[in-house]
Amino acid sequence: MPALKRQHAGSEADDGRIPDRGVDSLLKVSKVRACSECKRQKIKCEMKTGERSCTRCIKKGHRCVVNNELHQLIEESNEWKSCYVSQLEQVRAAVNDLLRRNEMPDLSSYATHHRSPTIMEPRAPEAAAVIDHTNSSSAMGMTRENSHEPTLEESELVAAPMRSLYEVTKLRNLRSNLNSVSNGGSPSSDLQQDLISRGCVALDEAEMLFSVYSLTINQFLWGGIAMVHPDLESVRRSSSLLATAILAVAALHIPNKTDLLNTCYKEFVSLVSQSTVNRYHTLDDIRGLTIGAFWLSDLSWKLSGLAVSIATEMSLHQCVRKMLKGDMSQYQGAQVWYLLYVLDHQFCTAYGRPPIIREDVAIRNFKTFLECPESSQRDIRLIAQVALFAILSRAYDLFGSDTDQEILEDSFVRIREFNVELDRWRLHWQPQHLVSPYVGSYPSKGVSLHYHFAKFQINSLSLRSITPSAKLSTDRKEAADMAISSAIATLNMVLEEPDICNSIVGVNLYTHAMVAFSTVFLLKIAWNWKETSLNVDQAQVYNMVERIITLMSGVSASEKHITFHIANGLRRMMTHLRVRECKQIEIQTDGPEDKALDKEMSSIDFGIFDENWHDFANVMDVFDFLQPGYWPS
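How each quantity is defined
Every residue gets a number counted from 1 within its own chain, in the order that chain's sequence is written. A pLDDT threshold of at least 70 governs which residues receive local features in this predicted model, and a stricter bar of 80 or more applies before side-chain atom pairs are shown or counted, although totals over entire chains, interfaces and linings include all residues. The basis for every side-chain value is the complete set of non-hydrogen atoms in the structure, without hydrogens or water. What counts as a helix is a DSSP run of H or I of at least four residues, what counts as a strand is a run of E of at least two, and both are numbered from the N terminus. With a 1.4 Å probe rolled over the protein chains alone, any residue whose accessible area is under 20% of its type maximum counts as buried; one over 50% counts as exposed, and the rest are partly exposed. Here, two residues are considered to be in contact whenever any of their heavy atoms come within 4.5 Å of each other. Under the convention used here, a 1.4 Å probe and the Shrake-Rupley method define accessible areas, while residue burial counts only the protein chains that appear. Every helix has an expected span of 1.5 Å times one less than the residues it contains. Salt bridges, as used here, are contacts in which a Lys or Arg side-chain nitrogen is within 4 Å of a carboxyl oxygen on Asp or Glu. Scored between 0 and 100, pLDDT is the confidence that the predictor attaches to each residue. Definition of nonpolar core: a set of buried residues of the types Ala, Val, Leu, Ile, Met, Phe, Trp, Tyr and Cys, connected through side-chain atoms within 4.5 Å. Here is the rule: rings of Phe, Tyr and Trp (six-membered ring for Trp) pair when centre to centre is within 6.5 Å. Planes less than 30 degrees apart are stacked, more than 60 are edge-to-face, and the remainder are tilted. Placement of a charge over a ring requires the Lys NZ or Arg CZ to be within 6 Å of the ring centre, with the centre-to-atom vector within 35 degrees of the ring normal. The disulfide criterion used throughout: a pair of cysteine sulfur atoms within 2.5 Å. Angles run from 0 to 180 degrees between N-to-C directions of axes, and those axes are lines fitted to C-alpha atoms, restricted for helices to the stretch in contact. In this scheme, a crossing is called left-handed if the near helix is turned counterclockwise away from the far one by less than a right angle; it is called right-handed if the turn is clockwise. Each residue gets one of three labels, nonpolar for Ala, Val, Leu, Ile, Met, Phe, Trp, Tyr, Cys and Pro, charged for Asp, Glu, Lys and Arg, and polar for the others, Gly among them.

Here we take up the overall build of the chain. Scanning the chain from terminus to terminus reveals 26 helices and zero strands. In the chain, buried positions account for 44% of the 633 residues. In the chain, once contacts between residues fewer than 6 apart in sequence are set aside, the share between residues at least 24 apart is 74%. Just so you have it, the chain exposes about 33800 Å², and 53% of that area is on carbon and sulfur atoms.

Listed below in structure tokens is the structure:
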């Protein structure tokens with residue numbers, strides 16, 4: 001019989017099949033009962049009850065030792081496994097609780113493909129890498145929610161079409177990120193994997209950059225409305241995207257930190273790329289995108305559009321409506337939505353493109369937002385901008401952005417109405433802007449700066465698609481003179497007001513676009529329209545431009561800061577204008593025989609401001625000052 005049993009076991013091994021008895025049955029080991037001496041002699045080992053030695057060892061005087069180490073090892077392994085399973089269940093329960101508190105998907109949505117317990121087979125590292133790749137987030141997710149199936153009674157009667165598709169399929173990748181209006185940790189906020197933990201940026205350098213941003217740059221963005229954390233660690237725990245944006249923007253404003261800027265910039269671009277495919281975001285992720293858009297010129301348009309897209313997926317546009325119904329928990333979401341409205345409309349103006357966020361009920365009821373108990377001075381500064389761009393948005397809708405479309409004579413009544421609205425805006429909001437302990441009177445003076453630039457924008461439409469040889473009507477000339485005086489007032493504010501002049505390096509891109517647009521407009525008017533009836537003094541304009549060049553080139557910041565690019569571009573323009581003036585004087589002095597000079601003038605290279613000033617007529621041509629280039633790839 002023993003031989004038959006051994007033969008049966010052998011045939012089972014030869015066949016290569018293992019009975020399905022589970023892992024525990026395969027690891028069972030019979031308890032060793034014979035002592036070493038009896039086992040060596042291959043005789044039966046008998047041990048009486050209560051004795052510690054067997055009968056033969058007592059009789060022979062041998063030391064009776066039972067070698068049971070393997071069995072003890074198995075027992076200890078089973079105890080460890082039981083303890084491990086218990087602790088694993090505790091961790092799973094804790095993680096589920098955290099996910100539930102942060103309104104994130106259930107833990108099961110992160111699980112890999114389940115495998116039943118079997119004997120682990122060794123595999124090559126390459127095979128493991130392939131399996132890890134297939135389980136990564138790059139694979140298309142088509143998992144279903146674990147919640148109960150909706151009934152027709154539970155569903156909304158009138159809902160978005162995708163909501164109905166989600167109710168039918170329950171696919172997670174169709175579901176909008178509706179419950180992410182929180183300041184909880186972002187899925188990308190891994191403190192152990194950010195650029196500081198990886199050693200790309202030293203902690204002391206990061207703390208220095210955060211201090212620079214927090215105490216100066218942050219205050220120009222309406223009292224720090226886009227960064228509400230007290231310290232760097234808090235930001236890092238909340239959102240790596242926000243932390244990296246802060247470090248990159250701060251490095252941009254510090255001279256001789258190009259390598260540090262490049263490091264932070266590359267990390268920020270990498271995180272932005274990841275955010276485009278992430279499904280779950282936080283308010284701080286959006287704040288990080290807005291900070292990058294306000295200061296990083298080569299990414300501004302892309303970042304503003306991405307921030308608005310993510311915000312709509314999070315339903316931030318619904319936060320104001322919910323606040324109006326009394327839900328004050330929507331305050332931060334509504335605040336971020338208004339911030340995005342201003343961001344969107346600022347860069348629509350800068351780039352000459354249509355806005356994404358339209359003037360809906362939330363925007364029209366912006367004053368109600370200030371009635372929230374949590375509102376502060378920073379909210380007043382933000383809502384003032386919302387009110388301003390609501391006016392400019394209506395003007396955009398009325399007149400459009402086609403630079404070839406001339407404004408009709410009957411439109412000047414509406415231009416005067418917009419001027420009155422801007423006057424009321426300034427009278428209403430400027431007294432409400434208090435002195436800041438960080439940036440002085442910049443908030444109040446900034447209202448005047450935006451007022452003059454807005455008036456310049458509205459009234460400059462009077463010269464759209466108009467040539468210097470055209471005869472101007474009284475209404476058109478009045479609006480054109482208003483545009484010229486508003487552009488001069490904008491530059492005077494920058495040059496004469498200390499709190500604005502000292503802040504020119506820290507303000508966001510829109511303010512730099514104001515200065516550049518006003519300067520180029522005046523240069524074009526002074527060159528092409530000097531012989532017309534418009535109220536423009538060429539010498540005054542040239543003097544102001546030279547002072548702007550001096551101001552912009554004298555700031556203390558990284559060489560990649562846009563102020564240096566504006567100064568260099570304006571300097572080249574002024575140089576070419578001076579050369580052209582000298583050539584014209586030589587032609588008038590030497591007579592018509594020197595025709596070669598005129599040909600030489602027509603071949604002058606105007607660099608990044610590639611403009612044929614001799615043939616130029618349209619003062620409203622767009623100059624894109626927001627593309628300095630030379631950013632790291």
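Phi is positive for Asn 256, which is not a glycine, with a value near 60°. When you line up the elements, Asn 256 lands in the loop between helix H10 (240-252) and helix H11 (258-275). Here Asn 256 falls in the exposed class, since its relative accessible area comes to 76%. Non-glycine residue Ser 315 carries a positive phi angle of around 60°. Mapped onto the secondary structure, Ser 315 falls in the loop between helix H13 (300-313) and helix H14 (319-324).

So, about helix H15 (residues 331-351). Taking 1.5 Å as the rise per residue, H15 with 21 residues should run 30 Å; its terminal C-alpha atoms sit 30 Å apart, in good agreement. Burial within H15 is extensive, with 19 of its 21 residues counted as buried. Following H15 by one or two positions, Gly 352 adopts a phi angle in the positive range, close to 65°.

Scanning the entire structure with this criterion turns up 18 salt bridges. Residues Lys 445 and Glu 497 are paired through a salt bridge, measuring 3.8 Å at the closest nitrogen-oxygen approach. With Lys 445 in helix H20 (residues 442-460) and Glu 497 in the loop between helix H21 (474-496) and helix H22 (498-501), this residue pair connects regions lying 52 residues apart in the sequence. Judged by relative accessible area, which is 23%, Glu 497 ranks as partly exposed. With its nearest N and O atoms 2.8 Å apart, the salt bridge here joins Arg 547 to Glu 496. A residue pair is termed long-range when its members are at least 10 positions apart, and Arg 547 in helix H24 (residues 538-553) and Glu 496 in helix H21 qualify at 51 residues. Residue classification places Glu 496 among the partly exposed residues on the basis of a relative accessible area of 45%. When salt bridges that share partners are traced, they join Glu 359, Arg 394 and Glu 421 into one network.

So, about the confidence of the model for the chain. Of all residues in the chain, 71% have pLDDT values of 70 or greater, and the mean over the chain is 78. Element-level mean pLDDT values for the chain span from 34 in helix H6 (residues 125-134) up to 97 in helix H19 (residues 412-429). Segment residues 111-142 is flagged for pLDDT under 50; beyond a separation of four residues in sequence, or across chains, it makes 15 contacts in the model. Within the model, the stretch residues 599-633 combines pLDDT values under 50 with 87 contacts to residues more than four positions away or in other chains.

What follows deals with the nonpolar core. Counting 155 residues, the largest nonpolar core has Ile 291 and Leu 340 as the members making the most contacts within it. Setting aside its immediate chain neighbours within four residues, Leu 340 contacts Ile 286, Thr 290, Ala 307, Val 308, Ala 311 and Ile 357. Counting six residues, the second largest nonpolar core, distinct from the first, contains Cys 35, Cys 38, Cys 45 and Cys 54.

The geometry of an aromatic ring pair comes down to the distance between the two centres and the angle between the two planes. One pass over the full model with this rule turns up 16 aromatic pairs. Measuring from centroid to centroid gives 5.6 Å for Trp 222 and Phe 294, while their planes differ by 75°, and the two rings are edge-to-face. One end of the pair, Trp 222, is in the loop between helix H8 (203-220) and helix H9 (232-238); the other, Phe 294, is in helix H12 (residues 283-295), with 72 residues separating them in the sequence. Both residues of the pair, Trp 222 and Phe 294, count as buried. Between Arg 353 and the ring centre of Trp 301, over which it is positioned, the NZ or CZ distance is 4.5 Å. Over the ring of Trp 527 we find Lys 530; its NZ or CZ atom is 4.8 Å from the centre of that ring.

Tallying each qualifying case throughout the model produces zero disulfides. Looking at Cys 54, it has no disulfide partner, and the nearest cysteine sulfur is the one in Cys 57, 3.3 Å off. Its relative accessible area of 0% is what places Cys 54 among the buried residues.

On to the packing of H11 against H13. Across the interface, H11 lies against H13 with an axial gap of 11 Å and an inter-helix angle of 40°. In the packing of H11 onto H13, the handedness of the crossing is left-handed. Within the contact between the two elements, H11 uses Phe 268, Val 272 and Ser 275 and H13 uses Leu 303, Leu 306 and Ile 310. For the contact of H11 with H13, the per-class residue count stands at five nonpolar, one polar and no charged.

With that settled, consider the side chain of Ser 393. Its location among the elements puts Ser 393 in helix H18 (residues 377-399). Filtering out sequence-adjacent residues up to four positions away, Ser 393 remains in contact with Tyr 341 and His 345.

Right, let's get into H12. For an α-helix, the turn length of 3.6 residues means that residues three or four places apart are oriented alike. If you check H12, its first and last C-alpha atoms are 19 Å apart, about what 13 residues at 1.5 Å a residue would give, namely 18 Å. When you tally the buried positions in H12, you get 13 out of 13 residues, the bulk of the element.

Time to look at the environment of Glu 559. Its place among the elements puts Glu 559 in the loop between H24 and helix H25 (562-590). With relative accessibility at 55%, the residue Glu 559 sits in the exposed group. Along the chain, Glu 559 and Asn 256 lie 303 residues apart, while their C-alpha atoms are 7.8 Å from each other. Sequence-distant contacts of Glu 559, that is, excluding residues within four places in its chain, are made with Thr 258, Phe 564 and His 565.

Turning our eyes to something else, we now look at the environment of Ile 286. Inspection of the secondary structure puts Ile 286 in helix H12. Among the residues examined, Ile 286 registers a relative accessible area of 0% and is labelled buried. Once you skip the residues sitting within four places of it in the chain, Ile 286 turns out to touch Ala 307, Ile 310, Ala 311, Met 314, Leu 316, Val 336 and Leu 340.

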